[in-house]
Amino acid sequence: MTTATAAASGANATQRFTTDKAMAASTPPERVSLLAREVLGAVHRTVREHKVTYEEYNALKAWLIAVGQDGEWPLFLDVWVEHVVEEVASETRDGSKGTIEGPYYVPNAPELGSDATLPTRENEQGTPLVFQGQVTGVDGSPLPGAVVEIWHADADGFYSQFAPGIPEWNLRGTVTADDSGRFRIRTMKPAPYQIPTDGACGKLISAAGWHPWRPAHLHLKVGAAGHQQITTQLYFPGDAHNDDDVASAVKPELVLDPQDVDGGQEVTYDFVLDRADRA
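Because the structure is predicted, anything quoted here is derived from the model rather than measured.

Student: Which parts of the structure should I look at to understand helix α2 (residues 29-50)?
Tutor: The α-helix winds at 3.6 residues per turn, so residues separated by three or four positions along the chain end up facing the same way. For α2, spanning 22 residues, the distance from its first C-alpha to its last is 31 Å, which sits close to the expected 32 Å at 1.5 Å a residue. Following α2 by one or two positions, Lys 51 has its phi on the positive side, about 50°.

Student: Where do I start with the pairing of strand β8 (residues 217-223) in this structure?
Tutor: When a strand is regular, its side chains alternate between the sheet's two faces. Among the 7 residues that make up β8, 7 are buried, leaving the element largely enclosed by the rest of the structure. By the alternation rule, side chains of β8 split into His 217, His 219, Lys 221 and Gly 223 and Leu 218, Leu 220 and Val 222, which are all buried. Bridging between strand β3 (residues 147-151) and β8 involves 5 bridges; their strand directions are antiparallel. In the sheet register, Ile 150 faces β8, and the bridge partner there is Leu 220. Connecting β8 to the antiparallel partner strand β9 (residues 230-235) that follows it, the hairpin turn spans 6 residues, and Gly 226 within it adopts a positive phi of roughly 80°.

Student: Hey, could you run me through the sheet that holds strand β4 (residues 172-176) in this one?
Tutor: One key point about sheets: their strands pair by backbone hydrogen bonds, in either a parallel or an antiparallel sense. In spatial order, the strands read β4-β3-β8-β9; together these 4 strands make up an open sheet with antiparallel pairing. Of all strands in the sheet, those bounded by a partner on one side alone are β4 and β9. Going across the sheet, the axis of each strand differs from the next one's by a mean of 20°, ignoring polarity. As paired elements, β3 and β4 share 5 bridges and run antiparallel to each other. When the sheet's bridge partners are listed, Val 147 is paired in β4 with Thr 176.

Student: What's the story with the UniProt feature "domain: Intradiol ring-cleavage dioxygenases" (unreviewed entry) in the protein in this structure? I'm lost.
Tutor: Under the UniProt annotation, the feature "domain: Intradiol ring-cleavage dioxygenases" (unreviewed entry) is placed at residues 131-159. Strand forms 41% of residues 131-159 and helix 0%; the C-alpha atoms that close the span are 19 Å apart.

Student: What am I meant to see in a nonpolar patch on the surface here?
Tutor: A contiguous nonpolar patch, built from Val 39, Val 43, Val 47, Val 52, Tyr 54, Tyr 57, Leu 60, Leu 64, Trp 73, Leu 77, Val 81 and Val 85 and spanning about 1,100 Å² of accessible area, is present on the exposed surface. At the level of secondary structure, the elements contributing two or more residues to the nonpolar patch comprise α2, α3 (54-69) and α4 (73-80). The element contributing the most residues to the nonpolar patch is α3, with 4 residues. With respect to the helices, strands and loops of the structure, Leu 64 is situated in helix α3.

Student: Help me understand empty space enclosed by the protein, please; the structure alone is not making it clear to me.
Tutor: A probe matching the size of a water molecule, rolled over the atoms, marks out where space remains unfilled. Under the definition given, this model contains 3 cavities of 30 Å³ or more. One number sums up the size of the largest cavity: a volume of about 100 Å³. Among the elements of the structure, α4 and β8 are those that each provide at least two residues to the lining of the largest cavity. Residue contributions to the lining of the largest cavity peak at 3 residues, all from α4. Here the lining of the largest cavity is built from residues that sort into 10 nonpolar, 3 polar and 3 charged.

Student: Is there a simple way to explain the side chain of Arg 93 in this structure?
Tutor: Within the element layout of this structure, Arg 93 appears in the loop between α5 (82-89) and β1 (115-117). Within the buried set, Arg 93 has no salt-bridge partner at all; the shortest N-O distance to an opposite charge, 4.1 Å, is to Glu 86. Setting aside chain neighbours within four positions, we find Arg 93 in contact with Glu 86, Gly 98, Gln 228, Gln 229, Ile 230 and Asp 274.

Student: Just to check I follow, could you spell out the packing of aromatic side chains for this structure?
Tutor: Think of a pair of aromatic rings as described by two things: how far the centres are apart, and how the planes are tilted against each other in angle. Across all of its chains, the model carries 13 aromatic pairs by this definition. Aromatic pair Trp 80 and Trp 210: ring centres 5.9 Å apart, planes at 55°, arrangement tilted. Of this pair, Trp 80 sits in helix α4 while Trp 210 sits in the loop between α6 (200-208) and β7 (213-214), placing them 130 residues apart in sequence. The exposure class assigned to Trp 210 is partly exposed, which follows from its relative accessible area of 46%. Ring centres of Tyr 105 and Trp 151 lie 4.8 Å apart, and the angle between their planes is 50°; on these two criteria the pair is classed as tilted. Here Tyr 105, found in the loop between α5 and β1, pairs with Trp 151, found in strand β3; they are 46 residues apart in sequence, far enough to count as distant. Every member of this aromatic cluster is reached through a ring pair, and the members are Trp 63, Trp 73, Phe 76, Trp 80 and Trp 210. A cation over a ring is seen here: Lys 221 above Tyr 105, with NZ or CZ 4.8 Å from the ring centre.

Student: I tried to follow α6 on my own but got confused; where do I start?
Tutor: Inspection of α6 places Ala 200, Cys 201, Gly 202 and Ile 205 among the buried residues, and these make up the whole buried set. Turning to α6, the residues buried within the fold contact α3 and α4.

Student: I'm lost on the pairing of strand β2 (residues 128-137) in this one. Help?
Tutor: Among the 10 residues in β2, 9 count as buried, and that is most of the element. Inspection of the sheet shows β2 paired to strand β5 (residues 182-188) by 7 bridges, in the antiparallel sense. Considered in β5, the bridge of Pro 128 is made with Met 188. Sheet analysis places β2 next to strand β11 (residues 264-268), joined by 4 bridges and oriented parallel. In the sheet register, Leu 129 faces β11, and the bridge partner there is Gln 265. Bridge count between β2 and strand β12 (residues 271-273): 3 bridges; the pairing is parallel. Its bridge partner being in β12, Thr 136 is matched across the sheet by Val 272.

Parameters at a glance
Residues numbered from 1 in each chain as written. Predicted model: local features only at pLDDT ≥ 70, side-chain atom pairs only at ≥ 80, totals over all residues. Heavy atoms only, no water. Helix = DSSP H or I, 4+ residues; strand = E, 2+ residues; numbered from the N terminus. Expected span 1.5 Å × (residues − 1). Buried < 20%, exposed > 50% of the residue type's maximum accessible area, 1.4 Å probe, protein only. Pairing = 2+ DSSP bridges. Axes fitted to C-alpha atoms, helices over the stretch in contact; angles between N-to-C directions. UniProt positions renumbered as here; feature names shortened; annotations may be inferred. Patch = residues over 30% accessible without salt bridge, like charges linked within 9 Å, V, L, I, M, F, W, Y side chains within 5 Å. Areas by Shrake-Rupley, 256 points an atom, 1.4 Å probe, with all protein chains shown as cover. Salt bridge = Lys/Arg side-chain N within 4 Å of Asp/Glu carboxyl O. 1 Å grid on protein atoms, 1.4 Å probe; cavity = no way out; pocket = protein on both sides within 12 Å on 5 of 7 lines; lining within 4 Å. Points joined across faces, edges and corners; volume = space filled by probe spheres on them. Nonpolar A, V, L, I, M, F, W, Y, C, P; charged D, E, K, R; others polar. Lys, Arg positive; Asp, Glu negative; His and termini not counted. Contact = heavy atoms within 4.5 Å. Phe/Tyr/Trp six-rings, centres within 6.5 Å; stacked < 30°, edge-to-face > 60°. Lys NZ or Arg CZ within 6 Å of the ring centre and 35° of its normal.

And the structure:
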């Protein structure tokens, strides 16, 4: 049986972030000063307004140290902060809605063509799912060769490369749309899952009386030459946590409309990309 600890998942997410994300210090000092002072000022106002005690302050210090020791900064930031950064980043973009990337993206997944079957284990558990659609520009023109990266959890809520015992590229792939911008992907429907709760983030959730659940979802990055790439997630209707996602990432436009077919489900979702010169 697959198991995953917060420490192991957090270490993997931290290593992946430092490996894959650009770390160049391109922010000018005046911008750093502005943002740092605003954030610290918000903390100071909270301390004053709510009369934070030394006991509470020391508990916060201990918790912040534990977040680092558990390798959970990517998890913490992606769950509780990223959705607002995404909102600001996409507020002037037309076309399909985006949402958070989350901590479990891995670049360079295998190229599978336009009519694809994601890698799975023998006897992969879950409901078979066919996901298809078309990528167009905001003017409605098809975007041939558009690239659709897809990744998602398995039927137990685990991601390959972040939980033990799962093949490296399980339920991950890169799909290239055909000459009409169309694609078709065969996979297995993911399950809702809890973010790791045995580390520092779990302690915050427990202490605050929150829940740790994310609704079932597909992760996608969709891009084409001359157009802005979008990062998004697609959700399934009827999920108990569509309305109270711990990561606050669900948007009404991102809820799918699956149709039951023999032995599984089929869903169509089209992506509309804005021009790059409007970024």
